[in-house]
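Descriptive analysis of the structure
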Amino acid sequence: MTPPDTGEVLAKGERKRRFTLGRLIDKLLAEGLELHRGGRTDEAVARWTEVLHHAPDEPRAIEMLEQAGVSANDVGADVLHSGSAAREQLERLMRERRY
């Protein structure tokens, strides 16, 4: 049996990483939507912002942020300024790895 080509192994690893990232993004988007529907907009914005940290051009996250009244250009600036509820929530979730 011939060992797999290094490029082939890397390609498989990259596919798995993309699949895992895609699942994470879908999970964060869904959680944000549920939070937003429940009136917890700051927490929803934190989830969608986390998506943009992983995939800066993710159109679903950008659209959801805009529907919540937040410009994707503002994320990381006003919305996540030190002491904001969204930033505190995002930092807590990241510390606990609950995203």
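Cut-offs used in this document
- Residues numbered from 1 in each chain as written.
- Predicted model: local features only at pLDDT ≥ 70, side-chain atom pairs only at ≥ 80, totals over all residues.
- Heavy atoms only, no water.
- Helix = DSSP H or I, 4+ residues; strand = E, 2+ residues; numbered from the N terminus.
- Contact = heavy atoms within 4.5 Å.
- Areas by Shrake-Rupley, 256 points an atom, 1.4 Å probe, with all protein chains shown as cover.
- Salt bridge = Lys/Arg side-chain N within 4 Å of Asp/Glu carboxyl O.
- Buried < 20%, exposed > 50% of the residue type's maximum accessible area, 1.4 Å probe, protein only.
- Arc of directions from axis to C-beta.

Comments concerning the overall build of the protein
A count of helical and extended segments in the protein gives 4 helices and 0 strands. In sequence order, the secondary structure elements of the protein are arranged as α-α-α-α. Within the protein, contacts between residues at least 6 apart in sequence are counted, and of these 46% link residues at least 24 apart. In the form shown here, the protein has an accessible surface area of approximately 6700 Å², with 51% of it arising from carbon and sulfur atoms.

Some remarks on the pattern of salt bridges
As enumerated under the stated definition, the model contains 7 salt bridges in all. We note a salt bridge from Arg40 to Glu43, for which the minimum N-O separation is 2.6 Å. Given the relative accessible area of 43%, Arg40 is considered partly exposed. Among the residues examined, Glu43 registers a relative accessible area of 18% and is labelled buried. Among the salt bridges present, the one from Glu58 reaches Arg60, with a minimum N-O distance of 2.8 Å. Under the relative-accessibility criterion, Arg60 is labelled partly exposed at 38%.

Observations regarding helix α3 (residues 59–67)
Among the residues of α3, those classed as buried are Ala61, Met64 and Leu65. All buried residues of α3 fall inside an arc of 100° around its axis, so they share one side. Opposite the buried face of α3, at more than 90 degrees from it, the exposed residues are Pro59 and Gln67.

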